[in-house]
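Topology and contacts: notes
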Amino acid sequence: VFGPGALLSIPFPASNKYVSQITVEHLLRHSAAPEWTNDANGPMFLQTQLSKKALVLWVLKNRTLKHAPGSRYAYSNFAYCILGLVIEKISGLSYENYVKQTILLPAKANSFTVASDKRGASPLEVTYYPHGDWDPYNLPLRRMDAHGGWIANAIDVVKFIQHTDAYPSPADLISAESIKTMTTPSPLNNNY
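What comes next is a walk through the structure. (Residues numbered from 1 in each chain as written. Predicted model: local features only at pLDDT ≥ 70, side-chain atom pairs only at ≥ 80, totals over all residues. Heavy atoms only, no water.)

1. Some thoughts on the overall build of the chain
A count of helices and strands for the chain gives six helices and two strands. Starting at the N terminus and ending at the C terminus, the chain contains elements arranged as α-α-α-α-β-β-α-α. Against the 2.2 N^0.38 benchmark of 16 Å for 192 residues, the chain shows a C-alpha radius of gyration of 17 Å, consistent with a compact globule. Counting the 192 residues in the chain, one finds 39% classified as buried. In the chain, the proportion of contacts linking residues at least 24 apart, taken out of those at least 6 apart, comes to 67%. Of the accessible surface of the chain, which amounts to about 10,900 Å², a share of 56% is contributed by carbon and sulfur atoms. (Helix = DSSP H or I, 4+ residues; strand = E, 2+ residues; numbered from the N terminus. Rg over C-alpha atoms; globule rule 2.2 N^0.38 Å. Buried < 20%, exposed > 50% of the residue type's maximum accessible area, 1.4 Å probe, protein only. Contact = heavy atoms within 4.5 Å. Areas by Shrake-Rupley, 256 points an atom, 1.4 Å probe, with all protein chains shown as cover.)

2. Regarding the environment of P34
Along the chain, P34 turns up in the loop between helix 1 (24-28) and helix 2 (52-62). If near-sequence neighbours (up to four positions away) are discounted, P34 is found in contact with H67, R72 and A74.

3. As for the layout of surface pockets
Counted as a void, the largest pocket has a volume near 1,300 Å³. If you trace the largest pocket, you find 34 residues lining it, with L28, Y80, L83, I87 and M182 closest to the centre. Considered class by class, the residues forming the lining of the largest pocket number 21 nonpolar, 10 polar and three charged. Here the second largest pocket defines a volume of roughly 190 Å³. What lines the second largest pocket is a set of 13 residues, and nearest its centre among them are A115, L141, M144, G148 and G149. Residues belonging to the lining of the second largest pocket are distributed by class as follows: nine nonpolar, four polar and no charged. (1 Å grid on protein atoms, 1.4 Å probe; cavity = no way out; pocket = protein on both sides within 12 Å on 5 of 7 lines; lining within 4 Å. Points joined across faces, edges and corners; volume = space filled by probe spheres on them. Nonpolar A, V, L, I, M, F, W, Y, C, P; charged D, E, K, R; others polar.)

4. Observations concerning the nonpolar core
Formed by 28 residues in total, the largest nonpolar core has its most connected members in F2, L27, W36, F78 and I82. Going through the elements one at a time, helix 2 and helix 3 (77-91) are the ones with two or more residues in this core. Here W36 is in contact with I22, L27, P43, V59, L60, R63, L65, Y75, S76, F78 and I82, once residues within four sequence places are set aside. In this structure, V99, L104, A109 and W150 belong to the second largest nonpolar core, which totals nine residues. (Core = buried A, V, L, I, M, F, W, Y, C linked by side-chain atoms within 4.5 Å.)

5. Section: the side chain of S116
Checked against the element boundaries, S116 lands in the loop between strand 1 (113-114) and strand 2 (150-151). Given a relative accessible area of 14%, S116 falls into the buried group. Setting aside residues up to four positions removed in sequence, S116 forms contacts with A121, E125, L141 and R142.

6. Digging into the packing of helix 2 against helix 3
At their nearest, the axes of helix 2 and helix 3 sit 10 Å apart, and the two run at 125° to each other. Taken together, the axis directions place helix 2 and helix 3 in an arrangement best described as oblique. The two elements helix 2 and helix 3 meet at a crossing, and its hand is left-handed. Contacts from K52, K53, L55, V56 and V59 in helix 2 reach F78, C81, I82, L85 and E88 in helix 3. Looking at the contact of helix 2 with helix 3, its residues break down into seven nonpolar, no polar and three charged. (Axes fitted to C-alpha atoms, helices over the stretch in contact; angles between N-to-C directions. Parallel < 35°, antiparallel > 145°, perpendicular 65-115°, else oblique. Left-handed = near helix turned anticlockwise from the far one by under 90°.)

7. What about unusual backbone geometry?
Residue P170 is reached from S169 by a cis peptide bond, and omega for that bond is -10°. Assignment of secondary structure puts P170 in the loop between helix 5 (154-162) and helix 6 (176-183). One non-glycine residue, H30, adopts positive backbone phi at about 55°. You can see H30 is positioned in the loop between helix 1 and helix 2. When its relative accessible area of 2% is taken as the criterion, H30 is described as buried.

Given below as structure tokens:
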């Protein structure tokens, strides 16, 4: 994914040999970097003023990887943030527009949109309430698009599921091989 001639041309620290070894499969299987896990210091909740691209660059410069990609499982929203950038690079579209055009519109799931950073921006969106010190409106929700930042009505969620469920009708929008890959447990975590 990273490095000279790779999918993303974001520079990475030369002192970190593991960054240049990360593949799309590592990101998909949450095995790219245990340092990018979803905990209190998860990358997606840090540096909230940064764009997605700037956040990736910041993490690559400030989170030294200590384990080879593919050696450990660590659920990572940040990995899916990177995958969203890969989709943007390959398609030439924003992640949101690519998903809408290739999956959601063909499934007639038209209400899907990425959540907003501002309260009340979409009539479909619920109000998010603070919990302790955590205020969701202090987070860049739009930056979280590729790791679950979508909102939709219930009917459109069902339409989406019907087009990705491996049943013959309605026809799936992804291949049977892709569905099999998605539903096969990870070698590093049998529950994922």
